[in-house]
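Observations on chain architecture
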Amino acid sequence: MHLSPHHNIIIRTLVLAVLMALSVPMLRAQGDAMLTHYWAVPTYYNPAAAGDTDNIRLRGGMRAQWIGIDNAPRTFVAAADAPFKFLGKRWGAGVVMQQESYGLFRNLTADLQIGYKHKALKGEFTAALQVGLFNEQFKGSEIYIPDDDDYHQATDVALPDRDVAGNALDLGIGIYYVGKRFKTGVALMHANNPTVTFSDENGGQAGGGETSSGDGTPKKYQFSAPRTLYFNAEGNIPVKNTLFELLPSVLIRSDFTFTDVAATVRARYNKMFSAGIGYRYGDAVSLMLGAELKGIFIGYSYDYHLSDIAKASSGSHEIFAGYNLKLDFSEKNRNKHKSIRIM
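Nothing here was measured: the structure is a model prediction, and the numbers come from that model. (Residues numbered from 1 in each chain as written. Predicted model: local features only at pLDDT ≥ 70, side-chain atom pairs only at ≥ 80, totals over all residues. Heavy atoms only, no water.)

**As for the pattern of salt bridges**
Counted only if it meets this: By definition here, a salt bridge exists when the distance from a side-chain nitrogen of Lys or Arg to a carboxyl oxygen of Asp or Glu is within 4 Å. Think of it in three bands: residues with accessible area under 20% of the maximum for their type are buried, residues over 50% are exposed, and the middle band is partly exposed, with areas taken using a 1.4 Å probe on protein chains only.
What the rule picks out here adds up to 13 salt bridges. The closest approach of N and O atoms between arginine 280 and aspartate 283, which form a salt bridge, is 3.0 Å. The class of aspartate 283 is buried, set by a relative accessible area of 18%. Salt bridges here are not isolated pairs; linked through shared partners, they connect Arg63, Arg280, Asp283, Asp303 and Glu318.

What follows is the structure, encoded as structure tokens:
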């Protein structure tokens, strides 16, 4: 396989990004889903990726994490995006929805994305804003504390004894660059550190993270989504004199307390069939298969976990599907059809 100097730059950039991320202390916390198919739904991690192709792109899928463990995380993601022209300028727009459950928590996000595109450095930059709703629910009515538990008490006021839920405004910003064979971007999601104010079923309002002291006033609970920084990069490297191409990619996530790193290399044949391997630092190795025929995309991945969670789980699975519809931005629409009357 022969790699040009341009391809070597792509590889060095991806390697450097991984090495930088590995130097950050690794801690674990619940946050946005770290999908194995992160490369298939780039707008989930960066609003500026909206319209990064000349397609109307539809994607949807689910992640079943830690199979074999009760109440393990389950994530459903749906995304749509497309470029468009307005006032002679190129723009990108998208919508992303997520529903996730883990333990007694449920969250739902629904976001709108808009980005302005500008050509520079032999590519195209996009700066984008994301505005959405963040909904968090906690099933306090399902809490079970055994009688012989010496650590937790059923009367602990820090634990809601009924279902609580609340909403908050959620904002994100991002910048994205698309070159001929290279894409990269940085985004700050949950930029306003949205704080959900829980209310109980009796209409009590929460605030301040306090609880009642037994005087009949409503209990008060809060949940904050941490500001999360994402960096992603991906390349497209044709293998000379073949129909194969290599598609390396990396995703780095940090909420400034913990950091996750995912790296993937896929091989694609004739822009239709692909297979690859992935690695999430300290978490899992992944195998993935995909196909895209006449704009229809389907992909599957399996994660084998490297931590102690593997003793209780048989792994994690993802399946994604979607559709791409090519758009024509030429001045004369080549897809325009003439009407013919048959006499």
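Having put the structure on the table, let's press on.
**Structural notes on unusual backbone geometry**
Basically, it comes down to this: Strands here mean DSSP runs of E at least two residues long; helices mean DSSP runs of H or I at least four residues long; both are numbered from the N terminus.
Although it is not a glycine, histidine 190 sits at a positive phi angle of roughly 55°. Along the chain, histidine 190 turns up in the loop between strand 7 (182–189) and strand 8 (195–197). Not every positive phi belongs to a glycine, and lysine 271 is a case in point at roughly 55°. Residue classification places lysine 271 among the exposed positions, given a relative accessible area of 52%.

**A few points about a nonpolar patch on the surface**
Note the threshold: What makes a patch is a set of residues exposed beyond 30% relative accessible area and free of salt bridges, joined within 9 Å when like-charged and within 5 Å when nonpolar (Val, Leu, Ile, Met, Phe, Trp, Tyr). Per-residue and other accessible areas follow the Shrake-Rupley method at a 1.4 Å probe size, with only the shown protein chains counted as cover for residues.
Together, Ile56, Leu58, Ile296, Tyr323 and Leu325 make up a nonpolar patch on the protein surface, roughly 410 Å² of accessible area in all. Those elements giving two or more residues to the nonpolar patch turn out to be strand 1 (55–64) and strand 17 (316–326). Secondary-structure assignment places isoleucine 56 in strand 1.

**Notes on the packing of aromatic side chains**
To keep it simple, the criterion reads: Aromatic pairing here means that ring centres of Phe, Tyr or Trp (its six-membered ring) are within 6.5 Å. Orientation follows from the plane angle: under 30 degrees is stacked, over 60 is edge-to-face, and everything else is tilted. Working rule: Lys NZ or Arg CZ, within 6 Å of ring centre, within 35 degrees of ring normal, means a charge sits over the ring.
This structure, assessed with the given rule, holds eleven aromatic pairs. Pairwise contacts between aromatic rings join Tyr102, Phe105, Phe134, Phe138 and Phe223 into one cluster. When the ring centre of tryptophan 39 is taken as origin, the NZ or CZ atom of arginine 266, which lies over that ring, is 3.6 Å away.

**Observations regarding the layout of surface pockets**
This is how it is decided: Only protein atoms enter the 1 Å grid, on which a cavity is a set of points fitting a 1.4 Å probe that cannot get out and a pocket is an open set with protein on both sides within 12 Å along at least 5 of 7 lines, lining residues being those with an atom within 4 Å of a point. Grid points are joined across faces, edges and corners, and a volume is the space filled by probe spheres set on the points. Only Asp, Glu, Lys and Arg are considered charged in this grouping, and only Ala, Val, Leu, Ile, Met, Phe, Trp, Tyr, Cys and Pro are considered nonpolar; every other residue, Gly among them, is considered polar.
In this structure, the largest pocket occupies an estimated 910 Å³ of space. Residue lining of the largest pocket: 33 residues in total, with Thr53, Lys183, Asn236, Arg268 and Glu292 positioned closest to the centre. Taken together, the elements giving at least two residues each to the lining of the largest pocket come down to strand 1, strand 7, strand 10 (228–235), strand 13 (259–269), strand 15 (284–293) and strand 17. Among the elements that make up the lining of the largest pocket, the one with the highest residue count is strand 15 (four residues). Here the lining of the largest pocket is built from residues that sort into ten nonpolar, nine polar and 14 charged.

Read these as geometric descriptors, not functional statements.
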